[in-house]
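Inside the fold
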Amino acid sequence: MSEEKGWKGSSLEMSDEEPVLILDEDESAEGAELFEETAFLYKEKENSGKNEDSDGEEAPSDGSQPSSESQTAGEPKGDRGRSRKEKQPTGFKGEILEWIKIIVTAALIAFFLNSCIIANSEVPSGSMENTIMTGDRVIGSRLSYLFSDPERGDIVIFHFPDNESIYYVKRVIGLPGETVDIVNGKVFVDGDELEEDYIREPMIPDVPMHFEVPDGCYFMLGDNRNYSADARVWKNTYVKKEKIIAKVLLRYWPNPGLIH
């Protein structure tokens, strides 16, 4: 510790600590003024030392706090930026990945709908004209018969009883336990003539035919009776309920509309 002479016999002790002024008995106002100036210089020196010990980061000019994403100790700024960019595919590769995600998601949704909710079918023949024309694409509901039974007049998609790998579309005519007779081009259910305003043209009279529908089964005919290969000629005449896939609701191509 060194000692410097102050004004009029006063002494000022200088050290690394804050300066202390020792005054003689005859100290004057000039001595006090000298002390204040020296103390100011000391504080200036102390503040300068703190700035040199800092990590060199400057606070934002607008007074806000440094970002939480600022550089960490021992990690170069450039490396941190590059690693962040490498984690996120960009450009052409990133666009391809996004399209793949969209396509896969759409395919899964379509598979679920077609397997559990709806049935999509194309009618390749004219056996249901004029209700459904050749080449029409129709949609049926797989949920229609979960809690109810098919009704007479419903148009349904089902497994063809002579070859269950093939789907057929026909109209329900006979219900379980009923009798169906076809006489002189007319259809009778339990002895009562069936009113059919949906058939394309009157049936050409043929030999009388009699059918007894077993329990749990249905009797199907096409609306275009004169050109329909239906239950009248199948080897396995009746369709079991569990083989009925869906109730046809609408045509979506080429002429969208409801089907009755």
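Everything below is about the structure shown above.
1. Here we look at the overall build of the protein
When helices and strands are counted, the protein shows three helices and 15 strands. Taking all 260 residues of the protein together, 29% fall into the buried category. A separation of at least 24 residues holds for 56% of the contacts in the protein among residues at least 6 apart in sequence. In the form shown here, the protein has an accessible surface area of approximately 17700 Å², with 53% of it arising from carbon and sulfur atoms.

2. Considerations on the packing of aromatic side chains
Scanning the entire structure with this criterion turns up seven aromatic pairs. With 5.5 Å between their ring centres and 70° between their planes, Phe 160 and Trp 234 make a pair best called edge-to-face. Residue Phe 160 is located in the loop between strand E6 (155-159) and strand E7 (167-174), and its partner Trp 234 is located in the loop between strand E12 (217-221) and strand E13 (239-240); the two are separated by 74 residues in the primary sequence. What makes Trp 234 buried here is its relative accessible area of 7%. Taken together, the aromatic side chains of Phe 158, Phe 160, Tyr 168 and Trp 234 make up a single cluster linked through ring pairs.

3. Quick look at the side chain of Arg 171
Inspection of the secondary structure assignment puts Arg 171 in strand E7. According to the relative accessible area criterion, Arg 171 is buried, its value standing at 2%. Here the side chain of Arg 171 touches Gly 153 through a polar contact of 2.8 Å, landing on its backbone oxygen. Each residue touching Arg 171, except ones within four places of it in the same chain, is listed here: Met 128, Thr 131, Gly 153, Asp 154, Ile 155, Tyr 198, Phe 219, Met 220, Leu 221, Asp 223 and His 260.

4. Some points on the sheet that holds strand E8 (residues 179-183)
Two orientations exist for strands paired in a sheet by backbone hydrogen bonds: parallel and antiparallel. With respect to topology, four strands assemble into an open sheet ordered E10-E9-E8-E11, the strand pairing being antiparallel. The strands lining the two open edges of the sheet, one partner per strand, are strand E10 (192-193) and strand E11 (209-212).

5. Focus on unusual backbone geometry
The bulk of non-glycine residues show a negative phi, and the bulk of peptide bonds are trans. Residue Asn 130 is reached from Glu 129 by a cis peptide bond, and omega for that bond is 5°. Going from Trp 253 to Pro 254, the amide bond is cis rather than trans, its omega being 5°. Along the chain, Pro 254 falls in the loop between strand E14 (244-253) and strand E15 (257-258). In this model, Asn 184 sits at a positive phi of 55°, which is unusual for a non-glycine residue. Tracing the chain through its elements places Asn 184 in the loop between E8 and strand E9 (186-189).

6. Some remarks on the pairing of E8
Every second residue of E8 is oriented toward a common face, the buried set being Val 180 and Ile 182 and the non-buried set Thr 179, Asp 181 and Val 183. Sheet analysis places E8 next to E11, joined by four bridges and oriented antiparallel. Residue pairing across strands places Val 180 opposite Phe 211, the latter belonging to E11. Note: E8 against E9, four bridges, orientation antiparallel. Its bridge partner lying in E9, Asp 181 is registered against Phe 188. The antiparallel hairpin formed by E8 and E9 contains two residues in its connecting segment, where Asn 184 sits at a positive phi of about 55°.

7. Side note on the environment of Ile 204
Its location among the elements puts Ile 204 in the loop between E10 and E11. Each C-alpha atom, one on Ile 204 and one on Asn 226, is 6.6 Å from the other, the two residues being 22 residues apart in sequence.

8. Examining the pattern of salt bridges
Evaluated as defined, the whole model comprises 12 salt bridges. A salt bridge links Glu 98 to Lys 101, with the shortest nitrogen-to-oxygen separation between them at 3.7 Å. Here Glu 98 pairs with Lys 101, and both are found in helix H3 (residues 91-117), just three residues apart, close to one helical turn. Across the pair Arg 137 and Glu 122 runs a salt bridge, and its minimum N-O distance is 3.4 Å. Taken together, the residues Arg 137 in strand E5 (residues 137-141) and Glu 122 in strand E4 (residues 118-122) connect sequence positions 15 residues apart. In this structure Arg 137 comes out as partly exposed when scored by relative accessible area, which is 31%.

9. Notes on the nonpolar core
Val 187, Phe 219, Met 220 and Ile 244 are the most contacted members of the largest nonpolar core, which has 25 residues in total. Only E6, E7, E8, E9 and E12 provide two or more residues apiece to this core. Considering each element in turn, this core owes the most residues, five residues, to E12. When residues no more than four places from it in sequence are discounted, the contact partners of Val 187 are Ile 173, Val 180, Asp 181, Ile 182, Asp 192, Glu 193, Leu 194, Glu 196, Met 203, Leu 221 and Arg 225. Formed by 12 residues, the second largest nonpolar core is a distinct cluster that contains Ala 119, Val 123, Met 128 and Ile 132.

Calculation criteria
Every chain's residues receive numbers from 1 upward, in the order its sequence appears when written. Totals for whole chains, interfaces and linings use all residues, but because this is a predicted model, local features are given only for residues with pLDDT of at least 70 and pairs of side-chain atoms are given and counted only at 80 or more. The basis for every side-chain value is the complete set of non-hydrogen atoms in the structure, without hydrogens or water. Only DSSP runs of H or I with at least four residues qualify as helices, and only runs of E with at least two residues qualify as strands; both kinds are numbered from the N terminus onward. Think of it in three bands: residues with accessible area under 20% of the maximum for their type are buried, residues over 50% are exposed, and the middle band is partly exposed, with areas taken using a 1.4 Å probe on protein chains only. Residue contacts follow a heavy-atom distance rule, with two residues in contact if any of their heavy atoms lie within 4.5 Å. Working definition of accessibility: Shrake-Rupley area with a 1.4 Å probe, residue cover restricted to the visible protein chains. Aromatic rings from Phe, Tyr and Trp, with only the six-membered ring used for Trp, were paired whenever their centres fell within 6.5 Å, and each pair was classed as stacked if the ring planes differed by under 30 degrees, edge-to-face if by over 60, and tilted otherwise. For the purposes of these results, a polar contact is taken to be a pair of N or O atoms within 3.5 Å, where, inside protein, one atom must be able to donate a hydrogen and its partner to accept one; residues adjacent in sequence count only when each atom of the pair is a side-chain atom. Should DSSP find at least two bridges between two strands, the strands are regarded as paired. Think of a salt bridge as a Lys or Arg side-chain nitrogen and an Asp or Glu carboxyl oxygen that are within 4 Å of each other. Among buried residues, those of type Ala, Val, Leu, Ile, Met, Phe, Trp, Tyr and Cys that are joined through side-chain atoms within 4.5 Å constitute a nonpolar core.

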